Amino acid sequence: MSQQEVPRLRRGQVDALGALVEEIAAMAPACDVVAFITSAIAFAFAITPLAFLLATLAMYLEVNTLYHLAKRHSSAGGYYGYVANAFGPVPATVVGLLYVLYQVTSTAAIPTYIGGAVLPAFLDYYFHIVLPAWIWVPLILVFVIVPITLAILGIRPQITTLKYASLFEVSFLAVIGAIVIAKAPDNTLAVFNPFAWPQYAKDFAPYGGPAGALGLAMVFSITSFIGYGGSAPLGEEVKHPRQILRALTLGVFIVGAVLTEMAYAIVVGWGVNNLNNLVNNPNPDVSTIPGIIVMGLYLGMVGALGLFLVAMNSAFSDAVSMQSNAGRVYFAMARDNVIPKWFAKIHPKFHTPYRALAFIGTASSIGAIATAFAMFAANGLNPIQALTTTTANPAVLNALSDTFGFLTTMALFGMVLTHFLLNTSLITLFYRLKERHKDLAHALLHYLQHYVAPAVATGILGYALYASIWPPVFPETPAAIASLIYLAGAIGYGLYLKMYKPHLLTQAGKRVNLWAEEGEYSAR
């Protein structure tokens, strides 16, 4: 097939800032503040900021992996293309399918929690408004269908929206966090010392002490970065592939810094010695929205309402970015004939992979609603009861929290396995290259960047996955089983193509690569 016949997305539509905001939006920092920081505090108490600082440093090991892989491949396939070029077509097929899994489940999880837990808790705590239990259904559809429609209308409208939304989001979080820190009476660097809190010894004891509690909190702090790499599928639409490298590097730094700041602000704002009152508060609203309550304490309703609205905006931006990315990966796989060609159709007016995007939006909606009803059943509510009761019913909050936990665990599972293959790809790539080193320092740097860093990153992510599913607990363990079934299907499909349709894998992940084209053009 000639280059002209290959379906391609339009180049030059995204600048460096556009790639960066796509990266930030996919990590949804405000949603992380109201969801994952809250969850982390339940384990780490005063040392929660340390959990987010360590998670940021750990993710920088993944920056190393993606940076070196992104220097050699740039297309709509993103991770799928990286692995295909470094490791081979079967692992690439598995990564492509896993990437879609965790983008779809993460997209489904966030509006379920924001709409089903945060919104009712906020309205009940501040305004004593009780919502009908069915409110989560239209909210899920709004937070999935409207964003996917924006993604179909073109990458430029999408990026323009995200530039305003994401830059305001991180700026707002940085400012309100700084204000709380400046006003809080409990400022202390001891929150970064896991052994400085004997008053929480009884709380840490079930987890083996402060180190074990910190490790469990890091499950949530690392999960906050599930959307990392969101700029990679824009590799075909940026003005130059190096813009992806910048976005990958800066995105984690910005989001990691803001999340660590906000974790610190919430802990010291609540009171470093008073966190038991948060974790064990009899009012479920308090344990659901502590970050919003802290902002309200120090900035009044402006702070509380502001963080709530920014979290809603974050959920919307995340859905735009996540679904857009997953759709582009499906498009790239279909273009290579790895999945049905039907997904490779580009809209004649908007120049977007509209069929792949529509499929992702449909899968996200169905996944969220089906999982929620399954969790309602597990909490003793049939579909009629789930839709006719109110959010004051504790079973509703439990069911939607379980839905969030189930989908987030599947997303974490897909993320860890995908990054395991990415790290393995980096090691494999540079082992094959057998680079010559001009001196000992260069050789040492080579081994650290291309072997040690990806191996350590894999270990950290593997621990986060292990700690989230063991010992067995509901709903995380069923989510892990569902993820393993999906993984088996993905591996089986890749092996099926290799054994029975090997011709389809000859160009898997390699049909379009802007770095290779840049080399050809420069040679000319």
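Check the entry above for the structure.
Residues numbered from 1 in each chain as written. Predicted model: local features only at pLDDT ≥ 70, side-chain atom pairs only at ≥ 80, totals over all residues. Heavy atoms only, no water.

Draft legend 1. Structural view of the overall build of the chain. Tallying secondary structure elements over the chain gives 19 helices and zero strands in all. Its C-alpha radius of gyration of 23 Å places the chain within 12% of the 24 Å reference for a compact globule of 524 residues. By principal-axis analysis of the C-alpha atoms, the chain measures approximately 65 × 60 × 40 Å. Sequence-distant contacts, at least 24 apart, represent 84% of the contacts inside the chain between residues at least 6 apart. Accessible area of the chain: about 19400 Å², with a carbon and sulfur share of 67%. One way to put it: in the chain the 27 positive side-chain charges average out to a point 14 Å from where the 23 negative ones average out. (Helix = DSSP H or I, 4+ residues; strand = E, 2+ residues; numbered from the N terminus. Rg over C-alpha atoms; globule rule 2.2 N^0.38 Å. Contact = heavy atoms within 4.5 Å. Areas by Shrake-Rupley, 256 points an atom, 1.4 Å probe, with all protein chains shown as cover. Lys, Arg positive; Asp, Glu negative; His and termini not counted. Charge placed at Lys NZ, Arg CZ, Asp CG, Glu CD.)

Draft legend 2. Focus on the packing of helix α3 (residues 48-70) against helix α9 (residues 210-223). Their axes nearest at 8 Å, the elements α3 and α9 cross at an angle of 60°. Taken together, the axes of α3 and α9 are oblique relative to one another. Of the two elements, α3 crosses α9, and the hand of that crossing is right-handed. Touching Leu50, Ala51, Phe52, Leu54 and Ala55 of α3 are Leu214, Ala217, Met218, Ser221 and Ile222, all from α9. Looking at the contact of α3 with α9 residue by residue, the class counts come to nine nonpolar, one polar and no charged. (Axes fitted to C-alpha atoms, helices over the stretch in contact; angles between N-to-C directions. Parallel < 35°, antiparallel > 145°, perpendicular 65-115°, else oblique. Left-handed = near helix turned anticlockwise from the far one by under 90°. Nonpolar A, V, L, I, M, F, W, Y, C, P; charged D, E, K, R; others polar.)

Draft legend 3. Quick look at the layout of surface pockets. What the largest pocket holds in volume is close to 1000 Å³. Taken together, 34 residues form the lining of the largest pocket, with Ser39, Ala42, Phe43, Phe220 and Glu476 sitting closest to its centre. Those elements giving two or more residues to the lining of the largest pocket turn out to be α2 (29-44), α9, α11 (276-279), α12 (284-288), α16 (394-433) and α17 (440-469). Tallying contributions element by element places α16 first for the lining of the largest pocket, with nine residues. (1 Å grid on protein atoms, 1.4 Å probe; cavity = no way out; pocket = protein on both sides within 12 Å on 5 of 7 lines; lining within 4 Å. Points joined across faces, edges and corners; volume = space filled by probe spheres on them.)

Draft legend 4. Region of the structure containing the packing of aromatic side chains. If you walk through the whole model with that rule in mind, you get 26 aromatic pairs. Where Trp197 meets Tyr200, the ring centres are 6.4 Å apart and the plane angle is 40°; that geometry is what we call tilted. In this structure, Trp197 and Tyr200 share a single accessibility class: buried. Residues Tyr200 and Phe204 carry aromatic rings whose centres are separated by 6.3 Å and whose planes lie at 55° to one another, so their mutual orientation is tilted. Of the two residues examined, Tyr200 and Phe204, each falls in the buried class. Members of the aromatic cluster, joined through ring pairs, are Phe122, Tyr125, Tyr126, Phe127 and Phe308. (Phe/Tyr/Trp six-rings, centres within 6.5 Å; stacked < 30°, edge-to-face > 60°. Buried < 20%, exposed > 50% of the residue type's maximum accessible area, 1.4 Å probe, protein only.)

Draft legend 5. Main features of a nonpolar patch on the surface. Taken together, the side chains of Phe127, Ile129, Met301, Leu305 and Leu309 make up a nonpolar region of the molecular surface, amounting to roughly 420 Å² of accessible area. With three residues, helix α13 (residues 290-335) is the single largest residue contributor to the nonpolar patch. Its place among the elements puts Leu309 in helix α13. Note on Leu309: relative accessible area 47%, which makes it partly exposed. (Patch = residues over 30% accessible without salt bridge, like charges linked within 9 Å, V, L, I, M, F, W, Y side chains within 5 Å. Salt bridge = Lys/Arg side-chain N within 4 Å of Asp/Glu carboxyl O.)

Draft legend 6. View of the environment of Ala178. Here Ala178 shows up in helix α7 (residues 155-183). The spacing of Ala178 and His240 is 62 residues in sequence and 36 Å in space, taken between C-alpha atoms.

Draft legend 7. Structural view of the environment of Pro290. If you trace the backbone, Pro290 turns up in helix α13. Under the relative-accessibility criterion, Pro290 is labelled buried at 1%. Residue contacts for Pro290: discarding those within four places in its chain leaves Thr38, Trp270 and Leu278.

Draft legend 8. Looking closely at the nonpolar core. Core analysis: the biggest nonpolar cluster contains 181 residues, and Tyr79, Tyr82, Tyr228, Leu275, Ile292, Leu307 and Phe376 have the highest contact counts within it. Tallying contributions element by element places helix α5 (residues 89-127) first for this core, with 22 residues. Among residues more than four places away in sequence, those in contact with Tyr82 are Leu66, Leu69, Ala70, His73, Ala232, Ile244 and Leu422. (Core = buried A, V, L, I, M, F, W, Y, C linked by side-chain atoms within 4.5 Å.)

Draft legend 9. Region of the structure containing the side chain of Ser317. The residue Ser317 is located in helix α13 in this model. Exposure remark for Ser317: the relative accessible area of 1% places this residue in the buried category. In contact with Ser317, other than residues within four places in its own chain, are Ala25, Leu162, Ala165 and Ser166.

Draft legend 10. Examining helix α18 (residues 476-500) more closely. Over its 25 residues, α18 runs 36 Å from end to end, which matches the ideal 36 Å to within 8%, given 1.5 Å per residue. Taken as a whole, α18 has its buried residues at Glu476, Ala479, Ala480, Ser483, Leu487, Ala490, Gly494 and Leu497. (Expected span 1.5 Å × (residues − 1).)

Draft legend 11. Inspection of unusual backbone geometry at higher detail. Positive phi outside glycine occurs at Asn337, with the angle close to 70°. Mapped onto the elements, Asn337 comes out in the loop between α13 and α14 (354-378). On the basis of relative accessible area, Asn337 is assigned to the partly exposed category, the value being 29%. Look at His351: it is not a glycine, yet its phi comes out positive at around 55°. As for its position among the elements, His351 is in the loop between α13 and α14.

Draft legend 12. Representation of the packing of helix α6 (residues 136-152) against α14 in the model. Here α6 crosses α14 at 170°, and the two axes come no closer than 9 Å. In terms of their interaxial angle, α6 and α14 are classed as roughly antiparallel. Between α6 and α14 the crossing geometry is right-handed. Residues Trp136, Val137, Ile140, Leu141, Val144, Ile145, Ile148, Ala151 and Ile152 of α6 form the contact with α14, whose own contacting residues are Tyr354, Leu357, Ala358, Gly361, Ser364, Ser365, Ala368, Ile369, Ala372, Phe373 and Phe376. Its residues assigned to classes, the contact of α6 with α14 shows 17 nonpolar, three polar and no charged.

Draft legend 13. Just the pattern of salt bridges, in detail. All chains considered together, the criterion is met by three salt bridges. The partner of Lys163 in a salt bridge is Asp15, and the shortest N-O contact between them spans 3.2 Å. With Lys163 in helix α7 and Asp15 in the segment before α1 (16-27), this pair connects stretches of sequence that are 148 residues apart. The salt bridge involving Glu236 is made with Arg335; its shortest N-O contact spans 2.8 Å. Of this pair, Glu236 sits in the loop between α9 and α10 (242-270) while Arg335 sits in helix α13, and the two are 99 residues apart along the sequence. Residue Glu236 shares its accessibility class with Arg335, and that shared class is buried.

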